[in-house]
Structures are given as structure tokens and as C-alpha cells.
Amino acid sequence: MEFRRLGRSGLTVSAISYGNWITHGGQVEEDQAVSCVRAALDAGITTFDTADVYAGTRAEAVLGRALAGQRREGLEIFTKVYFPTGTGQNDRGLGRKHITESIHSSLRRLGTDYVDLYQAHRYDASTPLEETMSVFADLVHSGKALYIGVSEWNPEQIAAGAELARELRIPLISNQPQYSMLWRVIEPAVVPTCEREGISQIVWSPIAQGVLTGKYRPGAAPPEGSRATDETSGGAQMISRWLREDVLTRVQELRPLAAEAGLSMAAFAVAWVLQNKNVASAIVGATRPEQIKDNVAAAGVTLDAELLHRVDQVLGDVPQRDPERVG
């Protein structure tokens, strides 16, 4: 496993993180989820990412049970707050009440006294940023969160949050955006802003919901049991934008490039995002332990400039269209 520093902080994370959006508490049974977590640990993964909203809060609880008994000091456990976790008007957003109640619930479900990184899952335009950052500061000062991060904030929001974090003397060190060969919208402005602010990316969906594994073939029905057939947890909606003949045809053209790098299609996709120097870690999920073993082959791989250029030639002008998502 390769390890990288997160932002300008002293926190080191595994270059491959394990995430349990959609899978734990939803797509796979708990015994299988535990097997995947154990495979991640065996592969050297120390960083685990979840959120209070995943699987209606069940994902945090499954992860907590799966990590029970592990040496806490050897793990980096991340979670998030923003999306609704109940029916009340204050069961959502980044106000003081919801953040305070959500961190307590997350810690209970995860079975830990603190999280290493607590992330604003989206920007809350209805709450003053000063209020949000102030309560985050309280959590850091109380030891319930060691570091603060954001997810899917735009460049202006990131810069404003970083300025307040400096004033409050708390470590805002990460952004968690979607990023893959097929979805590159962070490159023009988000990454440069984060580089200036000393913030790293922890990217989700580096395999584009499984499309970059090559298992979805042009002209063929999605494989049974795949993400594209999962109507219950939002996976099918997320992946639908990529299931176009032109995109799937181009993805198949990546096969010889992955083979040239000595990687599977999935590991090649993960290795590609890790070539971006502002990416500290790529989050991978799994429904089977062997998927973890395959993905970690991307850690420490260097793809040469000519190979990266050929990826751009194949995929560079894929339209960047994105429906609303929770990841």
C-alpha cells in the first residue's frame, strides 16, 4: 500500500480508501460486507469512508461492527453530515443543531470516540458558513473530530471555508469530489483552488460506478446483479448516464492500455486518478473481497505521460453530464 499526506496536515492516509456507500446496509449482506472490510485491512488499507445518510444510517453501523476489535490508532475513519437523516426540519443541513446531533449519532454507530475526518457532505446555502465552521471548530476542540473536510464544494465555497478555518485555527484539509477518467470537472478550478489552500482530494467513484471495469458491453444488457440493475439504493440512476453506446465503446478501447500497464481495467482506472498530485486517496467500494485485492494493485503505480495522453485521446471529449447524487 502507498500512503500520502492529506493536505498540508500531518495526517497520513492510504492511497486507496474503502468506502461503503450503496453497499453496506443496502446492496450486500452484512457478512459479505465484513468480509470486504477484512480484505481491505489485509490489503493494507487503513482509511475508511462513510456517511450518516448511507443506507439510512445503517452503513455506519455495519462499518463500526466490521472494524470492531481493530487497533483504533491504526485506522483513519471518515464520515459526513448534511443530508436528511430524519423527518424533522432540523434533521438536515449544516446548522449547529443537526451537526451536533449527527456527530454524536455517527460516533455511536461507528463505535468510536472520535472520527479522524468529519466532512460537510454538501454546501448548505441556507445556513451561514460562519455557523457551520464555528460548530466544526467546537468539534475539533472537543476532540470528537480531528480534522475537517468538505465534499463537492465549488471553488468559491472551498476558498471561503478555508479562510474561516484559518481564522478559527482548525484544519480544513480535504475535499471529496467525484473524479474519474469519465468525470473530470474538478480539474480546471477545484484542484487549483485546493492546491492554493493546502487541501487534498479524496475522490469517489474512480471506476465510474463500475463502467470503467469494462463489464458493461455496448449492445448488451447489464450483467445481472450489477450496479446498473440495482434500483433500490440509487446505483442504477447514478450509472445510467454512462450506459450509452458511444461511451461503452470507448471504454472497451481502454483494454489494451490497461494491459500495457499490467493492470486490470478497474485498477487502471484507480491508478489514473492517483496520477493527479492533488489526489491523496481514491475511494473504492466492493461487493466481493476479490474486488478489493484487484483495486489495491493501483497503489504506487506510475503511468507514463504517453499512456495518459492515449487515455485522453480515447475519452477526453466524453460529455460531462451529471444527475443529482449523494455519494
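On a predicted model such as this, the values are computed, not experimentally measured, just so you know.

1. Some points on the overall build of the protein chain
Part 1: Helix and strand counts for the protein chain stand at 12 helices and 10 strands.
Part 2: Considering the protein chain as a whole, with its 327 residues, one finds that 57% of them fall into the buried category.
Part 3: Long-range contacts, defined here as pairs at least 24 residues apart, represent 79% of the contacts in the protein chain between residues at least 6 apart.
Part 4: Surface exposure of the protein chain reaches about 13300 Å², of which carbon and sulfur atoms provide 49%.

2. Focus on the packing of aromatic side chains
Part 1: Scanning all chains against the criterion turns up seven aromatic pairs.
Part 2: Relative to Tyr54, the ring of Trp21 has its centre 6.4 Å away and its plane inclined at 40°; by these criteria the two rings are tilted. Of this pair, Trp21 sits in the loop between strand S3 (16-19) and helix H1 (30-42) while Tyr54 is found in the loop between strand S4 (47-49) and helix H2 (58-67), placing the two residues 33 residues apart along the sequence. Like Tyr54, Trp21 is buried.
Part 3: A centroid spacing of 5.0 Å and a plane angle of 85° characterise the contact between Tyr123 and Trp153, whose relative ring orientation is edge-to-face. You can see Tyr123 sitting in the loop between strand S6 (115-120) and helix H4 (129-142) and its partner Trp153 sitting in the loop between strand S7 (145-150) and helix H5 (155-168), a full 30 residues away along the chain.
Part 4: Relative accessible area serves as the criterion here: at 26%, Tyr123 is assigned to the partly exposed category.
Part 5: Given the relative accessible area of 3%, Trp153 is considered buried.
Part 6: By way of ring pairs, the aromatic residues Trp21, Tyr54 and Trp204 are connected into one cluster.
Part 7: Positioned above the aromatic ring of Tyr114 is the side chain of Arg72, whose terminal nitrogen or guanidinium carbon lies 4.0 Å from the ring centre.

3. Thoughts on the pairing of S6
Part 1: Along S6, six of the six residues are buried, which leaves the element largely enclosed by surrounding structure.
Part 2: Bridge count between strand S5 (residues 76-81) and S6: four bridges; the pairing is parallel. Residue pairing across strands places Phe78 opposite Leu117, the latter belonging to S6.
Part 3: Following the backbone out of S5, through helix H3 (residues 96-110) and into the adjacent parallel S6, one traces a crossover that is right-handed.
Part 4: Alignment of S6 against S7, held across five bridges, turns out to be parallel. By the bridge assignment, Gln119 is partnered in S7 with Gly149.

4. Here we look at unusual backbone geometry
Part 1: In this structure, Arg169 takes a positive phi of about 60° despite not being glycine.
Part 2: Turning to its location among the elements, Arg169 is positioned in the loop between H5 and strand S8 (172-175).

5. Topic: the nonpolar core
Part 1: Within the largest apolar cluster, 90 residues are counted, with the highest numbers of intra-cluster contacts made by Phe48, Tyr118, Phe136 and Leu212.
Part 2: For this core, the element with the highest residue contribution is helix H10 (residues 265-274), accounting for 10 residues.
Part 3: Leaving out residues up to four positions away in the same chain, Tyr118 has contacts with Thr79, Lys80, Val81, Ile99, Ser102, Ile103, Phe136, Leu139, Ala145, Tyr147, Ile148 and Gly149.
Part 4: Among the nonpolar cores identified, the runner-up in size contains 17 residues, and Ala59, Tyr147, Ile173 and Trp204 belong to it.

6. Digging into the pattern of salt bridges
Part 1: Under the defined criterion, the tally for this structure stands at 13 salt bridges.
Part 2: Between Arg72 and Asp116 there is a salt bridge whose closest N-O contact spans 2.9 Å. Highlighted residues: Arg72 in the loop between H2 and S5 and Asp116 in strand S6, separated in sequence by 44 residues. In this structure, Arg72 and Asp116 share a single accessibility class: buried.
Part 3: Among the ionic contacts, a cluster of salt bridges with common partners joins Glu260, Glu306 and Arg310.

Definitions and limits used
Residues numbered from 1 in each chain as written. Predicted model: local features only at pLDDT ≥ 70, side-chain atom pairs only at ≥ 80, totals over all residues. Heavy atoms only, no water. Helix = DSSP H or I, 4+ residues; strand = E, 2+ residues; numbered from the N terminus. Buried < 20%, exposed > 50% of the residue type's maximum accessible area, 1.4 Å probe, protein only. Contact = heavy atoms within 4.5 Å. Areas by Shrake-Rupley, 256 points an atom, 1.4 Å probe, with all protein chains shown as cover. Phe/Tyr/Trp six-rings, centres within 6.5 Å; stacked < 30°, edge-to-face > 60°. Lys NZ or Arg CZ within 6 Å of the ring centre and 35° of its normal. Pairing = 2+ DSSP bridges. Right-handed = clockwise from strand over helix to strand, strands pointing away. Core = buried A, V, L, I, M, F, W, Y, C linked by side-chain atoms within 4.5 Å. Salt bridge = Lys/Arg side-chain N within 4 Å of Asp/Glu carboxyl O.

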